[in-house]
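# Close look at the chain arrangement
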Number of protein chains: 2
Amino acid sequence: MIAEIISVGTELLLGKVVNTDTTIVAQALSGIGVDLLYAATVGDNPARLKKAVEDALERSDLLITTGGLGPTGDDLTKETVAAAAGRKLVFHQESYDRLVAQFPGREMSKNMEKQVWLPEGCDVLLNDNGTAPGCVFTTDKGKMVMMFPGPPSELVPMLNNYAIPYLLKGDEAIIVSHNIHIYGKGEAPVAMQIADLMESANPTVAPYAKEGECFVRVTAKASSEEEADEMCRPIIEEIKNRVGDFVYSVDVESLEELVVKELMEQGKTLATAESCTGGYLAKRITDISGSSSVFETGCVTYANATKEKLLGVKHETLEKYGAVSEQTAREMAEGIVKLSGADIGIGITGIAGPGGGSEEKPVGLIYLALSDGENTWVTARRPFGRRKNREWHRFVAASHALDMVRRYLEGLPVIGEDSL
Amino acid sequence: MIAEIISVGTELLLGKVVNTDTTIVAQALSGIGVDLLYAATVGDNPARLKKAVEDALERSDLLITTGGLGPTGDDLTKETVAAAAGRKLVFHQESYDRLVAQFPGREMSKNMEKQVWLPEGCDVLLNDNGTAPGCVFTTDKGKMVMMFPGPPSELVPMLNNYAIPYLLKGDEAIIVSHNIHIYGKGEAPVAMQIADLMESANPTVAPYAKEGECFVRVTAKASSEEEADEMCRPIIEEIKNRVGDFVYSVDVESLEELVVKELMEQGKTLATAESCTGGYLAKRITDISGSSSVFETGCVTYANATKEKLLGVKHETLEKYGAVSEQTAREMAEGIVKLSGADIGIGITGIAGPGGGSEEKPVGLIYLALSDGENTWVTARRPFGRRKNREWHRFVAASHALDMVRRYLEGLPVIGEDSL
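We now turn to the structure provided with this report. Small disclaimer: the values here were computed from a predicted structure and weren't measured. (Residues numbered from 1 in each chain as written. Chains lettered and ligands numbered in written order. Predicted model: local features only at pLDDT ≥ 70, side-chain atom pairs only at ≥ 80, totals over all residues. Heavy atoms only, no water.)

## Points about the side chain of A:D403
For clarity, the cut-off: Strands are runs of DSSP state E lasting at least two residues, helices are runs of H or I lasting at least four, and both sets are numbered from the N terminus onward. Two residues qualify as a contact provided that any one of their heavy atoms is within 4.5 Å of a heavy atom in the partner residue.
With respect to the secondary-structure elements, A:D403 resides in helix 14 (residues 390-409). Setting aside its immediate chain neighbours within four residues, A:D403 contacts A:Y183 and A:L255.

The structure is reproduced here in structure tokens:
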């Protein structure tokens with residue numbers, strides 16, 4: 001099956017919004033073995049969209065559109081696609097009722113109704129996160145057309161929960177993927193360690209880079225889920241053996257998810273004291289639903305006075321070594337354990353940039369400490385390689401702290417060999 | 001001038017890499033008034049690339065390609081584009097010398113040389129950050145073709161330093177855009193308020209949705225920047241009048257950027273006490289470089305005990321009204337002002353979900369308080385309309401808190417009319 005994506009939106013052609021929709025859909029299609037050969041972006045212009053749709057229906061089996069399903073006048077994807085495919089739009093009562101139910105006790109603005117006019121005979125893809133339903137239909141020439149809303153928060157659940165299962169209906173082969181998540185080792189060295197495994201055709205083995213991390217996806221195709229799992233298992237074990245304790249999970253998607261899970265299992269609590277990350281670590285931990293049972297206290301101590309007052313960092317330490325120092329990180333971690341009574345405390349202090357760096361303490365230098373009340377481990381992340389920005393330094397510092405907690409909870413050396 | 005981008009790379013169609021190149025080029029073109037009408041992505045496949053290039057040369061005046069200029073066998077953009085445009089590739093001595101100079105004292109791998117075979121008669125676009133030069137030439141039919149390397153670190157300087165100046169030679173029309181940012185009113189009702197303005201052709205007026213916010217872009221084309229600005233001004237004023245104090249900025253991109261700027265200007269400091277947002281508000285404030293001068297202290301008080309201990313929330317308040325209540329939010333805001341000595345304190349407590357909701361206190365119910373030590377304002381955001389997820393509730397609660405600070409600093413009613 002050959003697929004093609006058309007993303008609709010003038011904002012994409014003005015460079016106002018990065019087209020992540022195409023990446024999201026491309027990943028999902030690649031995961032179920034659909035070949036995506038073209039991706040096009042067109043503005044909110046009926047004539048150009050019509051031409052792109054006609055081209056796509058000519059050369060591809062599956063046309064996917066993203067964007068342009070909303071209530072305003074420049075949302076014209078459904079109208080244009082339906083016309084190009086020879087369908088008329090009809091009022092869809094069930095979707096209208098669902099829409100109205102989303103505005104209990106409030107008046108819905110009149111233009112909302114436009115969203116529930118759908119191609120005749122289509123199947124509706126529910127929008128669990130927004131007002132515009134998606135839809136799927138097959139043209140008279142046997143081409144399948146799927147339309148999705150543009151915002152990723154609406155697209156992702158619609159794709160995963162409704163569209164992919166729809167596409168998989170009737171296919172007998174089952175595809176199973178497992179992701180091996182790795183922190184502390186990059187995509188390139190991992191790829192070299194597993195180069196021979198990457199030549200396998202089924203299961204396939206492919207490494208991917210992720211912000212400050214990487215993961216290896218192992219995908220098998222078989223006649224049942226069990227069989228596909230069975231094919232993946234020895235490969236996963238082999239990769240774990242080769243990559244060692246840099247592997248932090250199989251299929252647990254993020255360090256924060258893993259750490260919250262392990263803290264819950266061990267009945268331990270965590271507290272954070274953050275300077276340069278400014279709450280980013282706490283934010284990532286509390287992204288995880290249920291984290292309240294293991295995370296009770298976080299402090300963002302940007303100012304020195306606050307470091308002293310809340311965490312008990314010694315005035316002399318700040319004077320002598322500076323706020324960005326191994327010693328301050330250590331006292332922050334020890335201080336937050338005392339303040340919160342948590343089992344594990346994290347202290348982070350560093351220079352996120354773009355300002356504030358010096359030759360001795362460059363932008364990107366970040367000290368991280370973990371204390372359990374008895375022992376404290378401190379490490380430093382130094383900037384290296386390509387130039388990175390504030391967001392990157394802050395994100396990766398939080399990741400590194402989470403990895404330290406993971407290592408502590410798993411009884412591994414808290415400071416991995418790649419550090420310092 | 002009508003432009004078109006073709007991004008080349010199978011990795012883009014597998015969803016391994018997000019296509020930021022298109023966004024980067026689109027922004028640059030929009031900035032100089034070139035109309036980008038199409039963007040296409042094709043894999044490393046000569047036949048499909050050739051077809052895409054032929055289509056582009058037919059309908060557009062300027063074809064820009066990104067990617068596929070490197071040394072390996074699947075880098076085939078130059079070969080394919082040159083063939084489609086009827087040009088042969090010739091060895092470019094000057095680029096070869098520059099390439100060799102990049103490997104002082106080291107042997108250059110043989111396949112590197114492929115990169116300096118360029119379309120006959122082209123102008124070279126220097127690559128200050130990599131080995132593959134870009135190029136520009138005009139076809140016999142008068143169409144301009146520009147080719148860029150794929151990595152953004154190479155593309156960006158080549159585009160800004162060489163390609164854009166090249167394109168600007170001899171052009172008179174200037175395009176200016178201004179964005180009016182709005183919090184507390186959605187895209188649909190804003191669109192209805194400004195429907196008549198949206199019909200104007202120059203300046204153009206178009207509303208866009210953004211996570212929990214929206215903005216209206218006003219774009220004018222004129223012979224000078226001043227003239228274009230002059231054309232935008234009355235429209236911007238009219239939109240501000242109609243939308244009222246929901247407009248938080250013209251051209252300041254985010255609430256956190258605006259709030260940090262205004263705090264700096266007024267010499268005031270802010271402190272935060274967060275429960276359900278778990279540090280998200282602090283994280284967003286400290287995303288802004290320089291925020292350390294106005295933001296000294298943040299507390300994440302997930303547990304009741306921590307709310308009492310750090311912020312001095314009364315035990316009876318928590319017992320009687322619960323952690324998620326107007327009263328607790330109020331005491332959190334007042335407590336963080338006392339603890340930190342900041343001018344303004346924010347307290348946030350609510351139910352981010354997906355668990356923890358009840359009929360009385362549903363997921364999405366969030367109380368927000370702002371205290372200046374003398375007065376305290378409290379409001380509630382109740383879930384309505386579309387079902388939203390944890391990330392959404394947390395993000396929007398932080399936005400709402402930022403908007404309260406903005407309103408306080410600007411002397412507006414701290415609680416906007418859309419609230420509670």
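## Remarks on the packing of aromatic side chains
Going by this rule: Aromatic pairing here means that ring centres of Phe, Tyr or Trp (its six-membered ring) are within 6.5 Å. Orientation follows from the plane angle: under 30 degrees is stacked, over 60 is edge-to-face, and everything else is tilted. Burial classification: accessible surface area is computed with a 1.4 Å probe over protein chains only, and a residue below 20% of its type maximum counts as buried, one above 50% as exposed, and the rest as partly exposed. Note on criteria: charge over ring means Lys NZ or Arg CZ within 6 Å of the ring centre, with the direction from the centre no more than 35 degrees off the ring normal.
Inspection of every chain in the model, using the stated rule, returns 12 aromatic pairs over all chains. Ring geometry for A:Y280 against A:F395: centres 5.9 Å apart, planes inclined by 65°, an arrangement best described as edge-to-face. Here the residue A:Y280 occupies a position in helix 10 (residues 280-286), and A:F395 occupies one in helix 14, the gap between them amounting to 115 residues. Each member of the pair, A:Y280 as well as A:F395, is classed as buried. Look at B:F91 and B:Y96: their rings are 5.3 Å apart centre to centre, the planes differ by 50°, and that puts the pair in the tilted class. Its relative accessible area of 31% is what places B:F91 among the partly exposed residues. Judged by relative accessible area, which is 23%, B:Y96 ranks as partly exposed. The structure contains a cluster of three or more aromatic residues connected by ring pairs, namely A:F91, A:Y96 and A:W117. Geometry around A:F395 places A:R284 over its ring, the cationic atom sitting 4.0 Å from the centre.

## Some thoughts on the pattern of salt bridges
Residues and elements named next belong to chain A. This is how the line gets drawn: Salt bridges are counted wherever a side-chain nitrogen of Lys or Arg sits within 4 Å of a carboxyl oxygen of Asp or Glu.
Across all of its chains, the model carries 42 salt bridges over all chains by this definition. Taking the shortest distance from any N to any O, the salt bridge between R284 and E256 comes out at 2.9 Å. With a gap of 28 residues between them, R284 in helix 10 and E256 in helix 9 (residues 255-266) connect regions that are remote in the sequence. Close ionic contact of R406 with E410 constitutes a salt bridge, the shortest N to O distance being 3.2 Å. The buried category is assigned to R406, whose relative accessible area is 0%. Exposure remark for E410: the relative accessible area of 34% places this residue in the partly exposed category. Within this structure, D245, D403, R406, R407 and E410 form a network of salt bridges that share partners.

## Remarks on the sheet that holds strand 11 (residues 213-222) of chain B
Residue and element names in this part refer to chain B. Formally: Pairing between strands is defined by DSSP: at least two bridges between them are needed. Orientation is described by lines fitted to C-alpha atoms, with helices fitted over the stretch in contact, and by angles between N-to-C directions that extend from 0 to 180 degrees.
A sheet is described by the order of its strands in space; here 4 strands give the open sequence 10-11-9-12, paired in antiparallel fashion. In this open sheet, the two strands that pair with only one neighbour each are strand 10 (204-210) and strand 12 (247-250). Strand-to-strand twist of the sheet, defined as the mean angle between neighbouring strand axes without regard to direction, takes the value 20°. Examined bridge by bridge, strand 9 (residues 174-183) and strand 12 share 3 bridges and lie antiparallel to one another.

## A look at the packing of helix 2 (residues 20-31) of chain A against helix 6 (residues 152-168) of chain A
Packed helix pairs are specified by the crossing angle of their axes together with the interaxial distance, meaning the distance between the axes. All names here are of chain A. Formally: Angles below 35 degrees are treated as roughly parallel, those above 145 as roughly antiparallel, those between 65 and 115 as roughly perpendicular, and all remaining angles as oblique. The handedness criterion is simple: a crossing whose near helix is rotated anticlockwise from the far helix by less than a right angle is left-handed, and one whose near helix is rotated clockwise is right-handed. Following the grouping adopted for this structure description, the nonpolar residues are Ala, Val, Leu, Ile, Met, Phe, Trp, Tyr, Cys and Pro, the charged ones are Asp, Glu, Lys and Arg, and the polar ones are all others, Gly among them.
Between helix 2 and helix 6, the shortest axis-to-axis distance is 11 Å and the interhelical angle comes to 25°. In terms of axis orientation, helix 2 runs roughly parallel to helix 6. When you trace helix 2 past helix 6, the crossing you get is right-handed. Where helix 2 abuts helix 6, its residues T20, D21, I24, V25, A28 and L29 lie against P152, L155, V156, L159, I164 and L167. Taken together, the residues of the contact of helix 2 with helix 6 sort by class into 10 nonpolar, 1 polar and 1 charged.

## Section: the sheet that holds strand 2 (residues 35-42) of chain B
Within a beta sheet, neighbouring strands are joined by backbone hydrogen bonds and run either parallel or antiparallel to one another. What the 12 strands build is an open sheet, ordered 6(A)-7(A)-8(A)-3(A)-1(A)-2(A)-2(B)-1(B)-3(B)-8(B)-7(B)-6(B); its pairing is mixed. Every interior strand has two partners, whereas the edge strands, strand 6 (123-125) of chain A together with strand 6 (123-125) of chain B, have only one. Sheet twist, expressed as the average angle between the axes of neighbouring strands with direction ignored, equals 15°. Alignment of strand 6 of chain A against strand 7 (residues 134-138) of chain A, held across 3 bridges, turns out to be antiparallel. Within strand 7 of chain A, the position partnered with A:V124 by the bridge is A:C135.

## Points about the interface of chain A and chain B
How we decide: Two parts placed together each lose some accessible area under a 1.4 Å probe, and the buried area is that loss summed for both. We define a polar contact as two N or O atoms separated by no more than 3.5 Å, with the added condition that, inside protein, one atom must be a possible hydrogen donor and the other a possible acceptor, whereas residues neighbouring each other in sequence contribute only through side-chain atom pairs.
On the chain B side, the residues contacting the 72 residues of chain A number 71 residues. Summing both partners gives a buried area of about 5,700 Å² for chain A against chain B, and 54% of it is carried by carbon and sulfur. The largest contributions to the chain A side of the interface with chain B come from A:L13, A:K16 and A:Y302, which together make up 10% of the buried area. Between chain A and chain B we count 5 salt bridges in total. Along the contact surface separating chain A from chain B lie 30 residue pairs in polar contact (both at pLDDT 80 or more). Per-class residue counts for the side of chain A that touches chain B are 28 nonpolar, 29 polar and 15 charged.

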